[in-house]
Amino acid sequence: MTEEEGEEEPLEAPEGVRVGLCASCSNAKTLETKIGATIYLCSLAAKDARFRRFPLLPMVACEGFERRPDQP
Ligand code: SF4
């Protein structure tokens, strides 16, 4: 890159793309780490072994998905 081109801001995918369904699911809980990262937990994991406590993201299909009322 030349000086004339300047520095480019790194592109970051929107939350819904990085996280998938968990980003808009009423069964998801989030934790913030000290470095500002967001960790997603699935509350269904406590009562149903089909679900992982820490879902593999991005979640593209899930039987337990329930859209939060505040999500379009
Ligand atoms: S039910 Fe599925 S979509 Fe919802 S938080 Fe758990 S893993 Fe994510």
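Structural data are supplied above this passage.
What you see is a predicted model, and the numbers here were worked out from it, not measured in a lab.

**What about the nonpolar core?**
Link 1 in the chain: Core analysis: the biggest nonpolar cluster contains eight residues, these being V19, L21, C22, A23, C25, A28, C42 and L44.
Link 2 in the chain: Beyond its immediate chain neighbours, meaning those up to four positions away, A28 contacts C22, Y40 and C42.

**Structural notes on the site of the ligand**
Link 1 in the chain: Taken together, 13 residues are adjacent to the ligand, and C22, C25, C42, C62 and G64 come closest.
Link 2 in the chain: Taken together, the residues of the shell around the ligand break down into 11 nonpolar, two polar and no charged.

**What about the pairing of strand β1 (residues 28-32)?**
Link 1 in the chain: Bridge analysis of β1 against strand β2 (residues 38-42) gives five bridges, and the strand direction is antiparallel. Note on β2: the bridge partner recorded for A28 is C42.
Link 2 in the chain: Between β1 and β2, which pair antiparallel and follow one another directly, the connecting turn spans five residues, one of which, G36, has a positive phi of 90°.

Calculation rules
- Throughout this description, residue numbers start from 1 for each chain and increase along the sequence as written.
- Per-residue local features are limited, in this predicted model, to residues with pLDDT of at least 70; the limit for side-chain atom pairs, both in listing and counting, is 80 or more; totals at the level of whole chains, interfaces and linings are taken over all residues.
- One nonpolar core equals one set of buried Ala, Val, Leu, Ile, Met, Phe, Trp, Tyr and Cys residues connected by C-beta atoms within 7 Å.
- Exposure criterion: with C-beta atoms placed from backbone coordinates, a residue whose C-beta has 20 or more other C-beta atoms within 10 Å is buried, one with 12 or fewer is exposed, and one in between is partly exposed.
- C-beta atoms are first placed from the backbone for all residues, and any pair lying within 7 Å is then listed as a contact.
- In this text, near has one meaning. A residue is near a molecule or strand if its C-beta atom, placed using the backbone, is within 6 Å of it.
- Each residue receives one of three labels: charged for Asp, Glu, Lys and Arg, nonpolar for Ala, Val, Leu, Ile, Met, Phe, Trp, Tyr, Cys and Pro, and polar for the others, Gly being one of them.
- In this description, strands pair whenever DSSP reports at least two bridges between them.
- Helix and strand definitions here come from DSSP, where helices need a minimum of 4 consecutive H or I residues and strands a minimum of 2 consecutive E residues; each element is numbered from the N-terminal end.

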